[in-house]
Amino acid sequence: MNKAHRQRKIRELVESREVGGQLELLGLLKAAGIRVAQATLSRDFAELGIVRKRSGQGYRLELPEASSEEIIRELVGMEVLSVASNETSIIIRTLPGRAHGVASFLDRLRGSAILGTIAGDDTVLVIPASVAKISEVKSYILKSLSQP
């Protein structure tokens, strides 16, 4: 069980049900086959921005409103399988048929670190503006594709 999978399930449960608190969510996760410590769940809440708000029937866990940019970033991030680099370029492996969307997302970031991208079916070639900063560009890409 990895963190991304666990957090997707948490998001799914909080969005689809009226969950009153952490203990209730722990039970729902356990029923779904996901065992997690309460301390880990608290960290997940902080990372996902989940808050407990008063509703008409008591309290309810809620996710923050996601902007369309955050939603796109999350979707694109799930399409990326790996990011590798050498001394001159960066290669991003994606799910089949998803390279164009990932390349388009990177092109729209308007970061001066990326000169441009070329997309195939499942591979994106990222051309950095400067090969001297290849590791910084790779880090920038990983950060840009990571889920909030």
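Structure's up top.
Now for a description of the structure that goes with this document.

Grouped together as the largest cluster of nonpolar side chains are 17 residues, with contacts concentrated most on Ile90, Ile92, Val102, Leu106, Val124, Val126 and Ile141. Sorting the residues of this core by element identifies β3 (80-85), β4 (90-94), α5 (99-108), β6 (123-128) and α6 (134-145) as the ones contributing at least two each. Sort the elements by how many residues they give to this core and α5 lands first, with five residues. Ignoring any residue separated from it by four or fewer positions in sequence, one finds Val124 in contact with Ile90, Ile91, Ile92, Thr94, Ala99, Val102, Ala103, Thr117, Ile118 and Ala119. The next biggest cluster of nonpolar side chains, apart from the first, holds 16 residues, and it includes Val19, Leu26, Leu28 and Val36.

Attention now moves to the pattern of salt bridges. Throughout the structure, instances matching the rule amount to six salt bridges. Across the salt bridge formed by Glu12 and Lys9, the nearest N and O atoms sit 3.0 Å from each other. In this pair, Glu12 and Lys9 both sit in helix α1 (residues 3-16), three residues apart, roughly one turn of the helix. With a closest N to O distance of 3.8 Å, Lys53 and Glu62 form a salt bridge. On the basis of relative accessibility, which here comes to 26%, the residue Glu62 falls in the partly exposed class.

On to α1, then. Compared with an ideal rise of 1.5 Å per residue, which puts 14 residues at 20 Å, α1 spans 20 Å between its outermost C-alpha atoms and is within 8% of the ideal. Along α1, the positions that sit buried rather than exposed are Arg6, Gln7, Ile10, Arg11, Leu13 and Val14. Looking straight down α1, one finds its buried side chains confined to an arc of 165°; they lie on one side. For α1, exposure combined with an orientation more than 90 degrees from the buried face picks out Glu15 and Ser16. Two to three positions downstream of the cap, the backbone nitrogen of Ala4 sits 3.3 Å from a side-chain oxygen, assigning the N-cap of α1 to Asn2.

What follows deals with α6. With 12 residues, α6 should reach 16 Å at 1.5 Å per residue; the first-to-last C-alpha distance of 17 Å fits that figure. Among the residues of α6, Ile134, Val137, Ile141, Ser144 and Leu145 are the ones counted as buried. Around the axis of α6, the buried residues are gathered within 90° of arc, so they sit on the same side. Looking at α6, the residues exposed on the side facing more than 90 degrees away from the buried face are Glu136 and Lys143.

Within this structure, the stated rule accounts for zero aromatic pairs. Seen from the ring of Tyr59, Arg52 lies directly overhead, with NZ or CZ sitting 4.3 Å from the centre.

Strand order in the open sheet formed by four strands is β3-β4-β6-β5, and the pairing between neighbours is antiparallel. The sheet is open, and its two borders are formed by β3 and β5 (114-119), each paired with just one other strand. The mean inter-strand angle of the sheet, taken between neighbouring strand axes irrespective of direction, is 20°. Packing of α5 onto the sheet brings it into contact with β3, β4, β5 and β6, and relative to β5 it is tilted by some 165°. Sheet strands in contact with α6 are β3, β4, β5 and β6, and its direction is about 170° off that of β3.

The rules behind these values
- Residues numbered from 1 in each chain as written.
- Predicted model: local features only at pLDDT ≥ 70, side-chain atom pairs only at ≥ 80, totals over all residues.
- Heavy atoms only, no water.
- Core = buried A, V, L, I, M, F, W, Y, C linked by side-chain atoms within 4.5 Å.
- Buried < 20%, exposed > 50% of the residue type's maximum accessible area, 1.4 Å probe, protein only.
- Helix = DSSP H or I, 4+ residues; strand = E, 2+ residues; numbered from the N terminus.
- Contact = heavy atoms within 4.5 Å.
- Salt bridge = Lys/Arg side-chain N within 4 Å of Asp/Glu carboxyl O.
- Expected span 1.5 Å × (residues − 1).
- Arc of directions from axis to C-beta.
- Polar contact = N/O pair within 3.5 Å; in protein donor to acceptor, adjacent residues only side chain to side chain.
- Phe/Tyr/Trp six-rings, centres within 6.5 Å; stacked < 30°, edge-to-face > 60°.
- Lys NZ or Arg CZ within 6 Å of the ring centre and 35° of its normal.
- Pairing = 2+ DSSP bridges.
- Axes fitted to C-alpha atoms, helices over the stretch in contact; angles between N-to-C directions.

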